[in-house]
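What follows is the residue order along each chain.
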Amino acid sequence: MPAEGSTGFSGPQYPGRITSSVIIACCVASSGGLIFGYDIGISGGVTSMDSFLSKFFPSVDQLEEQGTSSSQYCKFDSQLLTLFTSSLYLAALVSSSVAATVTRKYGRKCSMFLGGLTFLVGAVINGVASDVLMLILGRVLLGIGVGFTNQSVPLYLSEMAPAKHRGTLNIGFQLMVTIGILIANLINYGTAQITGGWGWRLSLGLAAVPALIITIGSLLLPETPNSLVERGKNDQAKRILVKIRGVADVHPEYEEIVAACDEARAIKHSWSNILKSKYRPQLIISSLIPLFQQLTGINVIMFYAPVVLKTIGFGINASLLTAVITGIINVGATVVSILLVDRAGRRPLFLWGGIGMFLCQVAVGALIYAQFGVSGAGTVIKKFAAPVLFFICVYVAAFACSWGPLGWLVPSEIFPLEIRSAGQGITVSMNMLSTFAIGQTFLSMLCYMKFGLFYFFAVWVVIMTLFILFFVPETKNVPIEEMMLVWSNHWFWNRYIADEDIIGNRYSNYGT
Ligand code: BGC
């Protein structure tokens, strides 16, 4: 049964090492994660600033100042306020499917460039916004940008990396996401001190900086060999492969990419093809992983930590500072996962991370219950603040070692070339849809489910951990164009892979 610790993969390992050109290319591309992260971090802080609330959401501001809400749990429950945060994800959801076509037809670089540029315009509009409409228009443009970059960057990284280091290089994206969140938290902490009520403008407008980095960076990057072959530029692909692998003979890997491309060309409609039975494992895993990633509840912390901490009695500065602390832990634990992912593998990280998150959620739920009870009418008892904070930090560390990076890595490495772009489009859409749903409903859920909300997420963590245990095979070290063999060796997914999907085509050379 689920003895999936090893890949069972007996295919080829191509020559090649991590070269400086691959490192530089991956660092530049990963900066696409900065815009995503900056945005995640900035909105939570901005929505807890009084000057921002009184200008755009006066009703929330009044409720908070007068303390007229009878329950601590319901203080910030405003659909308009949550729409500000979550509108971005709705736009990203739609744009990532468009991005899938652009990425396939015009290359990975093109999508990164368009994403950066749209995000830049959105950042400027947000920085100068004078009403809610401008604010939401800016957010929609930011969302379109995120949809494009999140669709193309993880793909780009997985294709550029040699199989043995794919995990490490791909997590560069998530590392940039966490750095973006941390920078945003620091900026919020700084701009909240600005008197005169325009600090939030600086917070929102500064998103233009990471946007410029990825926009300009994408122009300087080489395209991936896979995308070049996909678009008939074989000579250029070979040249780039030699450069990024650092060996003169790249023939076996090159031939593999060409063979994958020939198969891909035979398939005209990648969107409808993805529904074929032989792609069922990828389709299900790439849809469920992003959904589960959001059901860990991470964005409750990322978006609303300052708001939630204010709710349980922290002052504005303490709340923003706490966001900085969790931000640092988020970056640090992501580095740990970079070091482990290609050695220990994906599954151990997923499983241990799940256990860690579960324990912390149960503990936080219990502490908040002890403080506010079911009615939410309790007052703040300071001695609870430190343990709540402690468990939130451990929870963030567990997420950042596991579902954070792997939620992007695993879906990006399991699709065969013929459906890779469409598949990544599905992953991003699913991630954005679930982020939207949680972003939009969290404050209401907190109001109605109260401390039970933490148990709600804990139950989901149990479900997703079992899903990994039984249904997600190890993918470390498997060349990206050879992933089909992993499914044919899996106790459950092998029922979807017919013999002719393996025998009689290029995989048969390596045995199953
Ligand atoms: C998730 C985000 C989350 C972030 C936190 C990412 O992998 O997709 O939703 O906010 O990690 O670091």
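Labelled according to an unreviewed UniProt entry, the protein chain appears under the name Sugar transport protein 1, originating from Rhynchospora pubera. UniProt, in its Subcellular location (unreviewed entry) section for the protein chain, records the words "Membrane". For the protein chain, the Sequence similarities (unreviewed entry) comment in UniProt is given as "Belongs to the major facilitator superfamily. Sugar transporter (TC 2.A.1.1) family."

**Student:** With reference to specific residues and values, describe the overall build of the protein chain.
**Tutor:** From N to C terminus, the protein chain includes 24 helices and zero strands. Within the protein chain, the proportion of its 512 residues that are buried is 62%. Pairs at least 24 residues apart make up 82% of the contacts formed inside the protein chain by residues separated by at least 6 positions. Within the structure as shown, the protein chain displays about 17,800 Å² of accessible surface, and the carbon and sulfur contribution to it stands at 69%.

**Student:** Pulling in residues and values, what's your account of the environment of Ile-35?
**Tutor:** Looking at where Ile-35 falls in the secondary structure, it is placed in helix 2 (residues 32-46). On the basis of relative accessibility, which here comes to 0%, the residue Ile-35 falls in the buried class. Each C-alpha atom of the pair Ile-35 and Leu-212 lies 9.6 Å from the other, and the pair is 177 residues apart in sequence. If we skip the residues at most four places from it in the chain, Ile-35 touches Phe-119, Thr-149, Pro-210, Ala-211 and Ile-214.

**Student:** Which residues make up unusual backbone geometry, and what values do they have?
**Tutor:** Positive phi, normally seen in glycine, also occurs at Asn-477, with a value near 70°. With respect to the element layout, Asn-477 can be found in the loop between helix 22 (452-471) and helix 23 (484-488).

**Student:** Report on the site of the ligand, specifying residues and quantitative values.
**Tutor:** The local shell around the ligand holds 14 residues, among which Gln-174, Gln-293, Gln-294, Asn-299 and Asn-330 are the closest. Separating an oxygen atom of the ligand from a side-chain N or O atom of Asn-330 is a distance of 3.0 Å. Contacts to the ligand include Trp-408, whose side-chain N or O atom sits 3.0 Å from an oxygen atom. Breaking the shell around the ligand down by element, the ones donating at least two residues are helix 2, helix 8 (166-191), helix 15 (280-295), helix 16 (298-311) and helix 20 (403-414). Per element, the largest residue contribution to the shell around the ligand is three residues, and it comes from helix 8. A per-class count over the shell around the ligand returns six nonpolar, eight polar and no charged.

**Student:** Mind laying out helix 13 (residues 251-265), listing which residues take part and the relevant values?
**Tutor:** Here helix 13 is 15 residues long and its end C-alpha atoms lie 21 Å apart, about the 21 Å a rise of 1.5 Å per residue gives. Every buried residue of helix 13 is listed here: Glu-253, Tyr-254, Glu-256, Ile-257, Val-258, Ala-260, Cys-261 and Ala-264. Turning to helix 13, the residues buried within the fold contact helix 11 (225-230), helix 12 (234-245) and helix 21 (417-449).

**Student:** So what about the packing of helix 5 (residues 79-106) against helix 7 (residues 132-160)? Which residues, and what values?
**Tutor:** Where helix 5 meets helix 7, the closest approach of the two axes is 6 Å, and the angle between their N-to-C directions is 45°. With respect to helix 7, the element helix 5 is oriented oblique. By crossing handedness, the relation of helix 5 to helix 7 is classed as right-handed. Of the residues contributing to the contact of helix 5 with helix 7, the split by class is 17 nonpolar, nine polar and one charged.

**Student:** For the confidence of the model for the protein chain, give the residues involved together with the corresponding values.
**Tutor:** The predicted model of the protein chain averages 86 in pLDDT, with 87% of residues at 70 or higher. Mean pLDDT across the secondary structure elements of the protein chain bottoms out at helix 4 (residues 58-66), with 69, and peaks at helix 6 (residues 108-127), with 97. Counting interchain partners and residues more than four positions distant, the pLDDT-below-50 stretch residues 508-512 has 15 contacts.

**Student:** With reference to specific residues and values, describe the nonpolar core.
**Tutor:** Phe-36, Phe-52, Phe-57, Trp-403 and Met-432 are the most contacted members of the largest nonpolar core, which totals 135 residues. No other element matches the twelve residues that helix 21 contributes to this core. Those residues in contact with Met-432, other than ones at most four positions away along the chain, are Phe-36, Tyr-89, Ala-92, Leu-93, Val-146, Asn-150 and Trp-408.

**Student:** Outline the packing of helix 21 against helix 22, listing residues and values.
**Tutor:** For the pair helix 21 and helix 22, the least separation of the axes is 8 Å and the interaxial angle reads 125°. What the angle tells us is that helix 21 and helix 22 run oblique. Every residue of helix 22 that contacts helix 21 at Ile-438, Phe-442, Met-445, Leu-446 and Met-449 is listed here: Gly-452, Leu-453, Phe-456 and Phe-457.

**Student:** Please give an account of the packing of aromatic side chains that cites residues and values.
**Tutor:** Enumeration over the complete set of coordinates arrives at 22 aromatic pairs. Centre to centre, the rings of Phe-52 and Trp-200 are 5.6 Å apart; their planes meet at 65°, and the pair counts as edge-to-face. Remark: Trp-200 occurs in helix 9 (residues 199-205) and Phe-52 occurs in helix 3 (residues 50-56); sequence separation between them is 148 residues. Residue Phe-52 shares its accessibility class with Trp-200, and that shared class is buried. Ring geometry for Phe-492 against Trp-493: centres 4.9 Å apart, planes inclined by 80°, an arrangement best described as edge-to-face.

Calculation criteria
Residues numbered from 1 in each chain as written. Predicted model: local features only at pLDDT ≥ 70, side-chain atom pairs only at ≥ 80, totals over all residues. Heavy atoms only, no water. UniProt positions renumbered as here; feature names shortened; annotations may be inferred. Helix = DSSP H or I, 4+ residues; strand = E, 2+ residues; numbered from the N terminus. Buried < 20%, exposed > 50% of the residue type's maximum accessible area, 1.4 Å probe, protein only. Contact = heavy atoms within 4.5 Å. Areas by Shrake-Rupley, 256 points an atom, 1.4 Å probe, with all protein chains shown as cover. Near = heavy atom within 4 Å. Polar contact = N/O pair within 3.5 Å; in protein donor to acceptor, adjacent residues only side chain to side chain. Nonpolar A, V, L, I, M, F, W, Y, C, P; charged D, E, K, R; others polar. Expected span 1.5 Å × (residues − 1). Axes fitted to C-alpha atoms, helices over the stretch in contact; angles between N-to-C directions. Parallel < 35°, antiparallel > 145°, perpendicular 65-115°, else oblique. Left-handed = near helix turned anticlockwise from the far one by under 90°. pLDDT = per-residue confidence, 0-100. Core = buried A, V, L, I, M, F, W, Y, C linked by side-chain atoms within 4.5 Å. Phe/Tyr/Trp six-rings, centres within 6.5 Å; stacked < 30°, edge-to-face > 60°.

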